[in-house]
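Inside the fold
Listed below are the residues making up each chain.
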Amino acid sequence: MFRQTKALLPKLRSLRLHGQQSAWRLKSTSAERALQYRAGQKIHGFTVREVAPVPDLFLTAVKLTHDRTGAQYLHAARDDSNNLFSVLLRTTPMDSTGVPHILEHTVLCGSEKYPCRDPFFKMLNRSLSTFMNAFTASDYTMYPFSTQNGKDFQNLLSVYLDAVFFPCLREQDFCQEGWRLENEEPTDPSSPLVFKGVVFNEMKGVFSDNERVYAQHLQNKLYPDHTYSVVSGGEPLVIPDLTWEQLKQFHATHYHPSNARFFTYGDLPLEQHLQQIEEEALSRFQRIEPNTEVPPQPHWSSPREDHVTCSPDALAPDPARQNSLCVSYLLGDITDTFEGFTVSLLSELMISGPNSPFYKALIEPKIGSDFSSVVGYDGSTKEASFSIGLQGMAEEDTERVKQIISQTMDHIIQNGFEEERIEALLHKIEIQMKHQSTNFGLSLASYIASAWNHDGDPVQLLQISGSVAKFKQALVDNPRFLQDKVKHYFKENTHRLTLSMSPDEAYLEKQAKAEEEKLQRKIQALSDSDRKEIHEKGLELLAAQSETQDVSCLPALKMSDIEPKINPTTVQMGSAGGVPVQFCEQPTNGLVYFRAMCSLNTLPEDLRLYVPLFCSVITRMGSGDLDYRQQAQQMELRTGGMSVSPQVVPDSTQLDMYEQGVLLFSSCLERNVPHMFQLWSDIFNSPRFEDEERLRVLVMRAAQELANGISYSGHMYAMTRAGRHLTPAGDLQETFGGMEQVKFMKRIAETSDLTQVIRTLPRIKKHLLNPDNMRCAVNTTPQKLSDTATQLESFIQDVAGNRKQRKPVRANILERPLDPLDESGPSRKLICEQNFQPCQMKTFFQMPFPVNFVSEIIRTVPFTHEDYASLSVLARMMTAKYLHGEIREKGGAYGGGARMGGGGLFTFYSYRDPNSVQTLSAFRKGVDWAKSGPFTQQDIDEAKLSIFSAVDAPVAPADKGSGRFLSGTTDEMKQSHRERLFAVSHQNLVDVAERYLSPGQRTCGVSILGPENETIKKDPSWIVK
Ligand SMILES: [Zn+2]
């Protein structure tokens, strides 16, 4: 995987913290135990350097160094069973061949102790990991995993250490993962030679996203003098310049303990980790001087301007406005913790929400469709940067935008920020510190990665409340503290770059031509014997990929390591003003979480397409006495966010039944519960829809966001479309979140007159925000429960005026009790379309991408059906044992596989795939493979393990009971499913493959998003869009 890490605050946002200060002693036995380490203490070849309690985060940080190699180590001891390990190497390439990225892939292809092919992917099925991945950033490569099981931790640690420090790095791995010349059809020596390789295709996919193209150029040009001037992930046309020798050399110099930072997190004992790391890896190394430091970027004496091009976007909300323009400023070194903290807060104040100066100055005049996605503080490079500017703007507005940016900076320097906005920002940090997530260790690892990578102090970074206190004090000491920063970093900063981007009609053509020329140059240099060798190597690779693997060298958990029983979640049913309420007592750490599901059953059918738009604007247009700015301010001051989203919930017992609605969600600190409900009351009673200007801004942004998302989430769109004609729920999903919705939003964004939309929104509101069609759920601490219930009661009274008995649009409504033990109690109202006729449909969306997203879906059985578990296991096993090999290894796609979905749809998919029809035939061969049953009991157990690691993934207190609330899935149903999973046998798998997936037995839908396709064009069975 290749990623560009963004700003500090988004990372802070995902940092969800745990524990109450007063409960610190009781809860944090792991953290307390770790306090007993002493600086200077020697443990398994390491020396303890620092032991620091971090009460804000309920952990103890222990910093160590490895004596012989100088490897750095940080342990965060905390009472959290979701333990995490990560090792980070500083990788600072000086060319765009993608060497760190290809290396990241290749080390996972086999190592000294685990020489089988692809141990990384194989371990996904032999472990109960809650996370396994690897990332290449601009200046580091990171390998993290997490698991709740101690034995599993040791197994994975062993595989990770061996992969990183002792990989095989075979030539074949390099060719498969990096790049190679190969006959298009490997078995046919007369077929043309083409470039292949996983990273080669992955990066072509990455740069099919214009926002990524822009972000990459911006970084390269703002830091032109060292490693940030190249593409660490690989520039597709430069990747073929990399040799296998260079790859091995890069490993030898960068993947060394002297250049490594280890991080562990959780409740497992530190000594054990240290001992294993020392014994299995570090003891075999001597210290080296890695020389991987990034020097400071020399400052420019005057600002610079530059221009780049991209491909035109067929889905742009306004085709005449497709330019981007940003001004980027080089900031200070990220190892200065407090300065980084300050500037990231400053950035939020400048750009975030409708009350920020840049939102007012750039977004509201509707010069562009939205901020550029690079906008904000970016602390992922040694010296941070801040960018401000727009996407979706017209070329002739270039000078105007530059002027506005400069004037807005002046305006901020003069006027500063309102005190209430600073207060709202600090409130946000307080909520983020209290809110608990399930991947806390991973959030910490990525939060500290960049600064630590450049020798910043990771412990200081964790002392967030220290930084908050210092920030408050700085504001007291100097009321112009923030204004002075703006003056220093922006107004007077000569190291700034103005970068514009415009579409070029011939962009894709030029790229294809450049690739063709590169290819021809390589081919012309070949002798006859080279060609022969290429053909032979192609066959060898194919043979290796097809070979059955002996993976017995890899450690594995056993079925007996899995808990036979689920962990039950207790909920209580109650009511407030006649509205059913589910209460769930949880250690929420002083936060209250509120959900409400509002049925769509009475909404006229022609309004359904508008529901997602309604959801995205209903909390953003103002309500009651508050205009949209004041409303946004109150939400930031009083809540952790308020959102509304469309929901399609397939029934767990019948394929042609589903529930449709919108889900309201919000959270707040205990003291703000009345305020939170007041905000909801205003939205129910007097939402403001009439401001057309405001609506237009929101519509443009929503349309832009959808259009940008396709090149990243193309597989989701392909799947949603493929499922459209298979079940009634699938049809509605396409309406709410498929290509149909994308095109609808584009149409709305292009409409010059929004009055019709403005007339529609209140009509939708009447049907949706109606207490008669509503049920609620509250998660909070036992102490706060009854108070919250009282507040909820008065909220329902407040909105009682919206009650209205309405007739459902469809006659076929079926009621299901919310509490299965209380048949006469309140119910969910489901739509049942008994006469639904699934049909076969093949849809192709031609897109300006160089890669495809392919999906084929088969209608099977619902969740409670006895065959559901077998189909789930089969999907996992086909992915691991067959489809991965065909689609990724041989086909060169970034990913692909099969999965069983809750709506009874068995789904095949591929991601960023150079092939299309060939992948469809791989899906079909996968079914033949399954029917012939060439798998062992070990294979079946592995598939089950990987399912259980998902089924048993930790659930945050905010989300406990939410599955039951939304879909009515009870603990008893989950337990039966669990028992069926354990029982799935070899015979079951062959049976279900035959019965449901065989041609003739099945009804399936197919969809592809991809570039122009001659084969499909000629085939009349396809609908081409
Ligand atoms: Zn990758």
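Structure: above.
Here's what I pulled together on the structure shown here. (Residues numbered from 1 in each chain as written. Predicted model: local features only at pLDDT ≥ 70, side-chain atom pairs only at ≥ 80, totals over all residues. Heavy atoms only, no water.)

What to know about the nonpolar core
- If you look at the biggest cluster of nonpolar residues, it comprises 227 residues, and the most contacted ones within it are Phe262, Met350 and Ile388.
- In this structure, Ile858, Ala869, Leu883 and Val984 belong to the second largest nonpolar core, which totals 50 residues. (Core = buried A, V, L, I, M, F, W, Y, C linked by side-chain atoms within 4.5 Å. Buried < 20%, exposed > 50% of the residue type's maximum accessible area, 1.4 Å probe, protein only.)

Comments concerning the packing of aromatic side chains
- One pass over the full model with this rule turns up 39 aromatic pairs.
- Both rings, one in Phe341 and one in Phe471, keep their centres 6.3 Å apart while their planes meet at 85°; by these two values the pair is edge-to-face. Residue Phe341 is found in helix H12 (residues 337–351), and its partner Phe471 is found in helix H18 (residues 464–477); the two are separated by 130 residues along the sequence. Of the two residues examined, Phe341 and Phe471, each falls in the buried class.
- Through pairs of rings, three or more aromatic residues link up here, namely Phe46, Tyr73, Phe85, Phe120, Phe121, Phe145, Phe153, Tyr160, Phe165, Phe166, Phe262 and Phe285.
- Over the aromatic face of Phe440 sits the side chain of Arg78, whose NZ or CZ is 3.9 Å from the ring centroid.
- Of note, Arg888 hangs over the ring of Tyr894, and the distance from its end group to the ring centre comes to 5.5 Å. (Phe/Tyr/Trp six-rings, centres within 6.5 Å; stacked < 30°, edge-to-face > 60°. Helix = DSSP H or I, 4+ residues; strand = E, 2+ residues; numbered from the N terminus. Lys NZ or Arg CZ within 6 Å of the ring centre and 35° of its normal.)

Considering the packing of helix H6 (residues 150–165) against helix H11 (residues 270–280)
- H11 packs onto H6 with a crossing angle of 30° between their chain directions and a minimal axis gap of 10 Å. Regarding H6 and H11, the two cross each other, and that crossing is right-handed. When H6 is examined against H11, the residues Phe153, Gln154, Leu157, Ser158 and Leu161 are found in contact with a partner set consisting of Gln272, His273, Gln276, Ile277 and Glu280.
- When the residues that make up the contact of H6 with H11 are grouped by side-chain class, the tally is 4 nonpolar, 5 polar and 1 charged. (Axes fitted to C-alpha atoms, helices over the stretch in contact; angles between N-to-C directions. Left-handed = near helix turned anticlockwise from the far one by under 90°. Contact = heavy atoms within 4.5 Å. Nonpolar A, V, L, I, M, F, W, Y, C, P; charged D, E, K, R; others polar.)

Quick notes on helix H32 (residues 937–951)
- Between its terminal C-alpha atoms H32 stretches 21 Å, which fits the 21 Å expected from 15 residues at 1.5 Å a residue.
- Among all positions in H32, only Asp939, Ile940, Glu942, Ala943, Lys944, Leu945, Ser946, Ile947, Phe948 and Ser949 are buried.
- At its buried positions, H32 is contacted by strand E6 (129–132), helix H30 (868–890), helix H34 (971–983) and helix H35 (986–997). (Expected span 1.5 Å × (residues − 1).)

Re unusual backbone geometry
- A positive phi angle is found at Phe58, which is not glycine, with a value near 60°.
- Tracing the sequence through the fold places Phe58 in the loop between strand E2 (46–54) and strand E3 (59–66).
- A positive phi is found at Arg912, a non-glycine position, where the angle reads about 45°.
- Tracing the sequence through the fold places Arg912 in strand E29 (residues 905–913).
- For Arg912, a relative accessible area of 7% corresponds to the buried category.

What to know about the sheet that holds E29
- Within the open sheet, the 6 strands sit side by side as E28-E29-E27-E30-E26-E31. Their pairing is mixed. Where the open sheet ends on each side, the last strands, each with one partner, are strand E28 (895–900) and strand E31 (1023–1024).
- In terms of strand pairing, strand E26 (residues 841–846) meets strand E30 (residues 1004–1010) through 6 bridges, oriented parallel. Bridging from a neighbouring strand, Phe844 pairs with Ile1008 of E30.
- Sheet strands in contact with helix H25 (residues 692–722) are E26, strand E27 (852–859), E28, E29 and E30, and its direction is about 25° off that of E27. (Pairing = 2+ DSSP bridges.)

Section: the side chain of Thr227
- Relative to the helices and strands, Thr227 resides in the loop between helix H9 (210–222) and helix H10 (244–254).
- Among the residues examined, Thr227 registers a relative accessible area of 1% and is labelled buried.
- The contact partners of Thr227, leaving out residues within four places of it in the chain, are Thr92, Pro93, Met94, Ser138 and Val294.

Some points on the pairing of strand E17 (residues 496–503)
- Taken across its 8 residues, E17 has 6 buried, putting it largely inside the fold.
- When strand E12 (residues 304–310) meets E17, the two strands line up parallel, connected through 7 bridges. When the sheet's bridge partners are listed, Asp306 is paired in E17 with Leu499.

Digging into the pattern of salt bridges
- Evaluation of the coordinates by the stated rule reveals 61 salt bridges.
- Linking Glu942 and Arg126 is a salt bridge whose minimum nitrogen-to-oxygen distance equals 2.5 Å. Of this pair, Glu942 sits in helix H32 while Arg126 sits in the loop between helix H5 (119–123) and E6, and the two are 816 residues apart along the sequence. Taken as a pair, Glu942 and Arg126 share a single burial class, namely buried.
- Salt bridges linked by common partners bring Arg126, Lys881, Asp939 and Glu942 together as one network. (Salt bridge = Lys/Arg side-chain N within 4 Å of Asp/Glu carboxyl O.)

What to know about empty space enclosed by the protein
- On inspection of all chains with the given rule, the structure shows 10 cavities of 30 Å³ or more.
- Lining the largest cavity are 27 residues, and of these Asn210, Ser311, Asp313, Gln704 and Asn708 sit closest to its centre.
- Elements that contribute at least two residues to the lining of the largest cavity include exactly H9, strand E13 (323–333), strand E16 (383–393) and H25.
- In terms of residue count, H25 provides more of the lining of the largest cavity than any other element does, 5 residues in total.
- For the lining of the largest cavity, a count of residues per class yields 12 nonpolar, 11 polar and 4 charged. (1 Å grid on protein atoms, 1.4 Å probe; cavity = no way out; pocket = protein on both sides within 12 Å on 5 of 7 lines; lining within 4 Å. Points joined across faces, edges and corners; volume = space filled by probe spheres on them.)

Here we look at the pairing of E26
- Here E26 pairs with E31 via 2 bridges, running parallel. Of the residues in E31, the one forming a bridge with Thr843 is Ile1023.

Just geometry here; none of it tells us what the structure is for.
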